[in-house]
Amino acid sequence: MNKTTTLTISLISALSFNPAQAAPVCKPLTGYQQASASLIPVSCTDPNYKVLAKLNASKRFPDVTYLGFDGSCYVSNDAQTINVSWGSKPLTIKTISAWTNNFDTFDVPYLFGNGATGTVGTVVTQMSVFNHSGKNIGQIYTKDTINLAKYPTPEDDVVVAGSNYFEGAKGTIKISSSQGSNGIVVIESIGGTLCVTSDHD
């Protein structure tokens, strides 16, 4: 075996066992207490929340535009935080989200725009995640298409990006919700699976 062949085999072996290529760490989301949190409709430009400003600043949704009118943006505030477990780790989540003008409904009537009265639309969400000590350990960014014709409304929030601990995060967060008073969205259940590149908490 010549030196070139030996070097080639060595490089292939090194790449094959590179720790960066390790399988992601995937764990289920569990432990949510039914209807313990809600999403509150707000003005998209309210200076107290700055929903659209924060979503734009994240640069995680470059392909979308927003409806932008009052009641098409939502927050979970300090009194409405979402508590779940990721595997055995307790997490607290605060969210900002907004309905967008961008969705493919596969010929189903859509919810907003052009006088349509359908029931399908797309929402993007930034989730700020805190550990058991109250430390912000990163953000999770999701995009989901919602069919409001069903009740409770099911959502498959597809994870499109993450930051800090959740850099490179993937997975689907499954949520069901119902409509409360004054436009408030009551979260009924949370499940699904979240994957990260390494479990380093």
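Residues numbered from 1 in each chain as written. Predicted model: local features only at pLDDT ≥ 70, side-chain atom pairs only at ≥ 80, totals over all residues. Heavy atoms only, no water.

## Some details on the overall build of the protein
For step 1, the next point in the chain: The helix and strand inventory of the protein stands at two helices and 10 strands.
For step 2, the next point in the chain: If you list the helices and strands of the protein from N to C, you get α-β-β-α-β-β-β-β-β-β-β-β.
For step 3, the next point in the chain: Residues counted as buried form 41% of the 201 residues belonging to the protein.
For step 4, the next point in the chain: When contacts within the protein are restricted to residue pairs at least 6 apart in sequence, those whose partners lie at least 24 apart make up 58%. (Helix = DSSP H or I, 4+ residues; strand = E, 2+ residues; numbered from the N terminus. Buried < 20%, exposed > 50% of the residue type's maximum accessible area, 1.4 Å probe, protein only. Contact = heavy atoms within 4.5 Å.)

## Here's the deal with the side chain of S72
For step 1, the next point in the chain: Structurally, S72 can be placed in the loop between α2 (51-58) and β3 (73-75).
For step 2, the next point in the chain: According to the relative accessible area criterion, S72 is buried, its value standing at 1%.
For step 3, the next point in the chain: Only 2.6 Å separates the side chain of S72 from the backbone oxygen of F69, close enough to count as a polar contact.
For step 4, the next point in the chain: Discounting residues that sit within four places of it in the chain, S72 has contacts with V42, C44, L67, S97, A98 and W99. (Polar contact = N/O pair within 3.5 Å; in protein donor to acceptor, adjacent residues only side chain to side chain.)

## Thoughts on the pairing of strand β1 (residues 25-30)
For step 1, the next point in the chain: Across four bridges, β1 lies against strand β10 (residues 185-196) in antiparallel orientation. Looking at β10, one finds that C26 is bridged to C195.
For step 2, the next point in the chain: Direction of pairing for β1 relative to strand β4 (residues 82-86): antiparallel, over a ladder of two bridges. Residue pairing for β4: T30 is matched across the bridge by S85. (Pairing = 2+ DSSP bridges.)

## Focus: the pairing of strand β8 (residues 153-162)
For step 1, the next point in the chain: Where strand β7 (residues 136-147) lies against β8, four bridges are found, and the strand directions are antiparallel. Bridge pairing in β8 places T142 opposite V159.
For step 2, the next point in the chain: The sheet contact formed by β8 and strand β9 (residues 170-179) spans six bridges and is antiparallel. Bridged to D156 within β9 is K174.

## Section: the nonpolar core
For step 1, the next point in the chain: Counting residues in each nonpolar core, the largest one holds 29 residues, and the members touching the most others are I82, V84, I140, F166, I173 and I190.
For step 2, the next point in the chain: The set of elements that each furnish at least two residues to this core consists of β2 (37-42), β4, β5 (89-99), β6 (120-130), β7, β9 and β10.
For step 3, the next point in the chain: With five residues, β10 is the largest single contributor of residues to this core.
For step 4, the next point in the chain: Not counting chain neighbours up to four residues away, the residues in contact with I82 comprise Y32, A37, L91, T92, I93, T95, I187 and I190. (Core = buried A, V, L, I, M, F, W, Y, C linked by side-chain atoms within 4.5 Å.)

## Things to note about the confidence of the model for the protein
For step 1, the next point in the chain: For the protein, per-residue confidence averages 82 on the pLDDT scale, and residues scoring 70 or more make up 79% of the total.
For step 2, the next point in the chain: Contacts from residues 3-20, a stretch scored under 50 in pLDDT, to residues over four places away or in other chains number three contacts.
For step 3, the next point in the chain: Within the model, pLDDT remains below 50 along residues 106-117, and this stretch shows 22 contacts once partners closer than five positions in the same chain are excluded. (pLDDT = per-residue confidence, 0-100.)

## Let's talk about the state of the cysteines
Disulfide: a covalent bond formed between the sulfur atoms of two cysteine residues.
For step 1, the next point in the chain: Evaluated as defined, the whole model comprises two disulfides.
For step 2, the next point in the chain: Bridging C26 to C195, the disulfide has an S-S length of 2.0 Å. Here the disulfide of C26 and C195 is right-handed, its torsion about the S-S bond being about 110°. Placement of the pair is C26 in strand β1 and C195 in strand β10, with a sequence separation of 169 residues.
For step 3, the next point in the chain: Judged by its relative accessible area of 40%, C26 falls in the partly exposed class.
For step 4, the next point in the chain: Residue C195 is classed as buried on the basis of its relative accessible area of 13%.
For step 5, the next point in the chain: Between the sulfur of C44 and that of C73 lies a disulfide, 2.0 Å long from S to S. The sign of the 100° torsion about the S-S bond sets the C44-C73 disulfide as right-handed. Note that C44 is positioned in the loop between β2 and α2 and C73 in strand β3, a separation of 29 residues in sequence.
For step 6, the next point in the chain: Taking the relative accessible area as the measure of exposure, C44 reaches 2% and is therefore buried.
For step 7, the next point in the chain: Owing to a relative accessible area of 0%, C73 belongs among the buried residues under this scheme.
For step 8, the next point in the chain: Take the cysteines of the protein that form disulfides and number them in order along the sequence; they join up as 1-4, 2-3. (Disulfide = S-S within 2.5 Å.)

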